[in-house]
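Inside the fold
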Amino acid sequence: MNHVKVATDFSRYPAGRFLKDGPFSGEAFRNKFLEPKLLAGEVILVDLDGTRGYGSSFLEEAFGGLVRHGYDADRVLRLVQLQSKRESLQQEIRGYIRDATRDS
Amino acid sequence: MATAAAVIALLLVIVGWFATHVFSEMRERRKEMRGQIDKLIVNLHKIEADTRSFHSAPAFDSVKANDLRVSLDRFERTASRMAVFNQDELARHYRLIRQGATLQNFEPSTFTPQPLDAALLMDFSDISWDIEDAMETQYAEQYPDSFPYFRFRKRTIRK
């Protein structure tokens, strides 16, 4: 299984929604780690612990953005597995994936 | 007969000592927990003020944004270590408070100064009140104001 630890593989300070908001934005994380694995149909385990906090806009864009970009929510929930000591983070991300609607 | 009386007296002493020990221990725990919750609530009020300050500033401030993100993380981390709280119940509140402060208007590309009566800030104030109430309710459930002033219950502490 593919494994990505946000704090060490991406940034301890993930921030921002779009690429124009900074190099460690949700869009950058999605492009670099999530979409390639989803495209290949591979499971990816995302370890969320160890960062200095998350902005919700980062989480929404990184994970909810997958659905807006055409990936089926059930497929995303199946292939993107979350690991964190914080139940609130997992709840939040699953909510974004379920609530996002595909861009037409 | 004298031996039986001595045994009863000894048992009473042991029971009395045990009861005193338990109540004293619980009183200390209650005071300690009250102090920790008070500090947490002070932090919560500071987060509320910082959120208001960030969103109503004339321009996006990346330092304030980072401080706010770290404060929210620290708040959740601290509260998660407190045995008095049922973390399954509070998880929803942690999520709401993070979303309230950082889901909208939190990027340089989309930032717009918010008036102090903006829905975003009013909603955040409500969220802040709700988590404070939830914490106080859980504290009151574990340490009620009436005898015996505490309840035993199993708690899961997340580190």
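Refer to the structure printed above.
The following paragraphs examine the structure supplied in this document. (Residues numbered from 1 in each chain as written. Chains lettered and ligands numbered in written order. Predicted model: local features only at pLDDT ≥ 70, side-chain atom pairs only at ≥ 80, totals over all residues.)

Each helix and strand counted, chain B has four helices and zero strands in total. Going from the N terminus to the C terminus, chain B shows its helices and strands as α-α-α-α. Against the 2.2 N^0.38 benchmark of 15 Å for 159 residues, chain B shows a C-alpha radius of gyration of 23 Å, more extended than a compact globule. The dimensions of chain B, computed from C-alpha atoms along their principal axes, are 90 × 25 × 20 Å. (Helix = DSSP H or I, 4+ residues; strand = E, 2+ residues; numbered from the N terminus. Rg over C-alpha atoms; globule rule 2.2 N^0.38 Å.)

Attention now moves to the interface of chain B and chain A. Facing the 20 residues of chain B at the interface are 20 residues of chain A. Of all the elements in the fold, those that place two or more residues in the side of chain B that touches chain A are helix 2 (62–80) and helix 3 (87–102) of chain B. It is helix 3 of chain B that provides the largest number of residues to the side of chain B that touches chain A, a total of seven residues. When the residues that make up the side of chain B that touches chain A are grouped by side-chain class, the tally is seven nonpolar, five polar and eight charged. (Contact = placed C-beta atoms within 7 Å. Nonpolar A, V, L, I, M, F, W, Y, C, P; charged D, E, K, R; others polar.)

A few words on the environment of Tyr-139 of chain B. Residue and element names in this part refer to chain B. Along the chain, Tyr-139 turns up in helix 4 (residues 119–142). Looking at Tyr-139, the number of C-beta atoms within 10 Å reads 18, which means it is partly exposed. In sequence terms Tyr-139 and Phe-85 are 54 residues apart; their C-alpha atoms lie 7.2 Å from each other. Each residue touching Tyr-139, except ones within four places of it in the same chain, is listed here: Met-33, Ile-37 and Val-84. (Buried ≥ 20, exposed ≤ 12 C-beta atoms within 10 Å, placed from the backbone.)

Residue and element names in this part refer to chain A. At their nearest, the axes of helix 3 (residues 56–68) and helix 5 (residues 87–99) sit 8 Å apart, and the two run at 40 degrees to each other. When the axes of helix 3 and helix 5 are compared, the pair comes out oblique. Two packed elements cross with a definite hand, and for helix 3 against helix 5 that hand is right-handed. Only Glu-92, Ile-93, Tyr-96, Ile-97 and Asp-99 of helix 5 make contact with helix 3, whose side of the interface consists of Ser-56, Leu-59, Glu-60, Phe-63, Gly-64 and Val-67. Classifying every residue of the contact of helix 3 with helix 5 gives six nonpolar, two polar and three charged. (Axes fitted to C-alpha atoms, helices over the stretch in contact; angles between N-to-C directions. Parallel < 35°, antiparallel > 145°, perpendicular 65-115°, else oblique. Left-handed = near helix turned anticlockwise from the far one by under 90°.)

All right, on to helix 5 of chain A then. With 13 residues, helix 5 of chain A extends 18 Å from end C-alpha to end C-alpha; this agrees with the ideal 18 Å at 1.5 Å per step. Every buried residue belonging to helix 5 of chain A is among Ser-88, Leu-89, Glu-92, Ile-93, Tyr-96 and Ile-97 of chain A, and all of these are buried. In this fold, the buried residues of helix 5 of chain A make contact with helix 3, helix 4 (73–79) and strand 3 (80–83) of chain A together with helix 2 and helix 3 of chain B. (Expected span 1.5 Å × (residues − 1).)

A separate point is the sheet that holds strand 2 (residues 44–47) of chain A. Residue and element names in this part refer to chain A. Taken in spatial order, the three strands make up an open sheet running 1-2-3, and their pairing is parallel. Lying at the two open borders of the sheet, with one neighbouring strand each, are strand 1 (2–5) and strand 3. Neighbour-to-neighbour, the strand axes of this sheet turn through a mean angle of 20 degrees, independent of strand direction. Note that strand 2 and strand 3 share four bridges and pair parallel. By the bridge assignment, Leu-45 is partnered in strand 3 with Gln-81. (Pairing = 2+ DSSP bridges.)

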